[in-house]
Amino acid sequence: MEKIVLRMDDVGASTKHFEVYSKKIFGNFLFLKYLPYFRAWPKYNELSVFEWSSIIELLINTNAKLTLGVTACWVNKDSTLISFPEKFPEQAEILKQAQKDGIIEIANHGLTHCVIGEHLPRYFSSNRKYHREFWNWIPRQTHFEHIERSQKIFRDWLGFFPQSFIPPGNVYSRDTLDAAHKNSILLFNSSIPPKDIECPLRYVNEAHVVAFHDKELSLMGISWLQKKIQEHNNKEFKLLSEIC
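Residues numbered from 1 in each chain as written. Predicted model: local features only at pLDDT ≥ 70, side-chain atom pairs only at ≥ 80, totals over all residues. Heavy atoms only, no water.

Undergrad: Can you walk me through the overall build of the protein in this structure?
TA: Within the protein one finds 8 helices and 10 strands. Over its C-alpha trace the protein gives a radius of gyration of 18 Å, about what one expects of a compact globule, namely 18 Å for 244 residues. A sequence separation of at least 24 residues applies to 68% of the contacts in the protein between residues at least 6 apart. In the protein, the 30 positive side-chain charges and the 28 negative ones have mean positions that sit 5 Å from each other. (Helix = DSSP H or I, 4+ residues; strand = E, 2+ residues; numbered from the N terminus. Rg over C-alpha atoms; globule rule 2.2 N^0.38 Å. Contact = heavy atoms within 4.5 Å. Lys, Arg positive; Asp, Glu negative; His and termini not counted. Charge placed at Lys NZ, Arg CZ, Asp CG, Glu CD.)

What follows is the structure, given as structure tokens:
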């Protein structure tokens, strides 16, 4: 039976509030990018305790599994950070138990998902590129600091270091992979393969991965995930770390 991984990203990321851009011509000018016609990525809320309970129940009833790309910290407007279990304690407890039960896998999706201090909306341009954390122009030391700090947050919350890494926005460099390798991460999943760089981690491509964001569930409801599961009900659901 073919194996499939359901992967949901951006859990805990403040990108859902602060990333503002438009794909339309002149759409990034002043207030235009905030209007529904122009704005490409609508602002949405973190999934609630009720929504997470419904998701877990759905996964159990359909014998499905879900890998979550969780961003360790929410970045506030003033660039201060607050960890996911501190910002969303009830959600954190539900996810911790679901991880213990083998229903979900929590993967590292960065410390901030963004470039701190550059994450707020801009008057005349998109801020989309600044909602990618691990650019190759970011100092190597920052890659190591962010991965190390995020892994510590996950360990303090879950009791272990996540072994899977999902680079925010599929952006990463050799520095990112070196930092991940040094901090107990064994594999990473991205739509972009590690071309022309030596990869110290096991690379998992997206051939058997269905990737989406918490945005879909927040805006369209749990039924969206139910339909996605039904589309693959003839396959065996696996967590990212279970794919060889």
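Undergrad: Looking at this model, I keep getting lost on the pairing of strand 1 (residues 3-11). Mind explaining?
TA: The side chains of a regular strand alternate between both faces of the sheet. By the criterion of burial, strand 1 is predominantly enclosed, with 8 of the 9 residues buried. Here strand 1 pairs with strand 10 (residues 236-238) via 3 bridges, running parallel. Opposite lysine 3, over in strand 10, you have glutamate 236 as the bridge partner. Across 5 bridges, the pairing between strand 1 and strand 9 (residues 209-213) is parallel. Looking at the pairing, arginine 7 lines up with alanine 211 of strand 9. (Buried < 20%, exposed > 50% of the residue type's maximum accessible area, 1.4 Å probe, protein only. Pairing = 2+ DSSP bridges.)

Undergrad: I keep staring at the pairing of strand 5 (residues 104-108) and nothing clicks. Help me out?
TA: Of all 5 residues in strand 5, 5 are buried, a share of seventy percent or more. Neither face of strand 5 is exposed, since Ile104, Ile106 and Asn108 on one face and Glu105 and Ala107 on the opposite face are all buried. Across 5 bridges, the pairing between strand 2 (residues 66-70) and strand 5 is parallel. Residue pairing across strands places glycine 69 opposite alanine 107, the latter belonging to strand 5.

Undergrad: Please explain the environment of serine 79 as it appears in this structure.
TA: By the element assignment, serine 79 lies in the loop between strand 3 (73-75) and strand 4 (81-83). Residue classification places serine 79 among the partly exposed positions, given a relative accessible area of 24%. Between the C-alpha atoms of serine 79 and glycine 117, which are 38 residues apart in sequence, the distance is 5.7 Å. With sequence-adjacent residues up to four places away left out, serine 79 is seen in contact with Ile116, Gly117 and His119.

Undergrad: How should I be thinking about the packing of aromatic side chains in this particular structure?
TA: Between two aromatic rings, the relevant description is the distance of the centres plus the angle of the planes. Under the definition given, this model contains 11 aromatic pairs. Their ring planes at 75° and their centres at 5.8 Å tell us that phenylalanine 134 and phenylalanine 165 sit as a pair that is edge-to-face. Residue phenylalanine 134 is located in the loop between strand 5 and helix 5 (140-158), and its partner phenylalanine 165 is located in strand 6 (residues 164-165); the two are separated by 31 residues in the primary sequence. Seen in terms of ring centroids, phenylalanine 188 and tyrosine 203 are 5.2 Å apart; in terms of plane orientation they differ by 50°. Their pairing is tilted. (Phe/Tyr/Trp six-rings, centres within 6.5 Å; stacked < 30°, edge-to-face > 60°.)

Undergrad: What is the right way to read the pattern of salt bridges from this model?
TA: Scanning the model with the defined rule gives 17 salt bridges in all. Two residues, aspartate 156 and arginine 155, come together in a salt bridge whose shortest N-O distance is 3.6 Å. Three or more residues joined by partner-sharing salt bridges are found here, namely Arg140, Arg174, Asp175, Asp178 and Glu198. (Salt bridge = Lys/Arg side-chain N within 4 Å of Asp/Glu carboxyl O.)

Undergrad: Any chance you could explain the side chain of threonine 15 here in plain terms?
TA: One can find threonine 15 in helix 1 (residues 15-18). A polar side-chain atom of threonine 15 sits 3.2 Å from a polar atom in the side chain of histidine 113. Non-local contacts of threonine 15, meaning those with residues more than four positions away in its chain, are made with Trp41, His113 and His131. (Polar contact = N/O pair within 3.5 Å; in protein donor to acceptor, adjacent residues only side chain to side chain.)

Undergrad: Would you mind going over the side chain of serine 173 with me for this structure?
TA: Residue placement: serine 173 occurs in the loop between strand 6 and helix 6 (174-182). Beyond its immediate chain neighbours, meaning those up to four positions away, serine 173 contacts Phe134, Asn136, His143 and Ile197.

Undergrad: Which parts of the structure should I look at to understand a nonpolar patch on the surface?
TA: On the surface, Phe29, Tyr123 and Phe124 cluster together to form a nonpolar patch covering roughly 410 Å² of accessible area. Take phenylalanine 124: it is sitting in the loop between strand 5 and helix 5. For phenylalanine 124, a relative accessible area of 57% corresponds to the exposed category. (Patch = residues over 30% accessible without salt bridge, like charges linked within 9 Å, V, L, I, M, F, W, Y side chains within 5 Å. Areas by Shrake-Rupley, 256 points an atom, 1.4 Å probe, with all protein chains shown as cover.)

Undergrad: How do you make sense of unusual backbone geometry when you look at a structure like this?
TA: Negative phi characterises most residues that are not glycine, and trans characterises most peptide bonds. The backbone of serine 79 shows a phi angle near 75°, a positive value even though the residue is not glycine. Backbone geometry places aspartate 196, a non-glycine residue, at a positive phi of 65°. Mapped onto the elements, aspartate 196 comes out in the loop between strand 7 (187-189) and strand 8 (202-204). Among the residues examined, aspartate 196 registers a relative accessible area of 84% and is labelled exposed.

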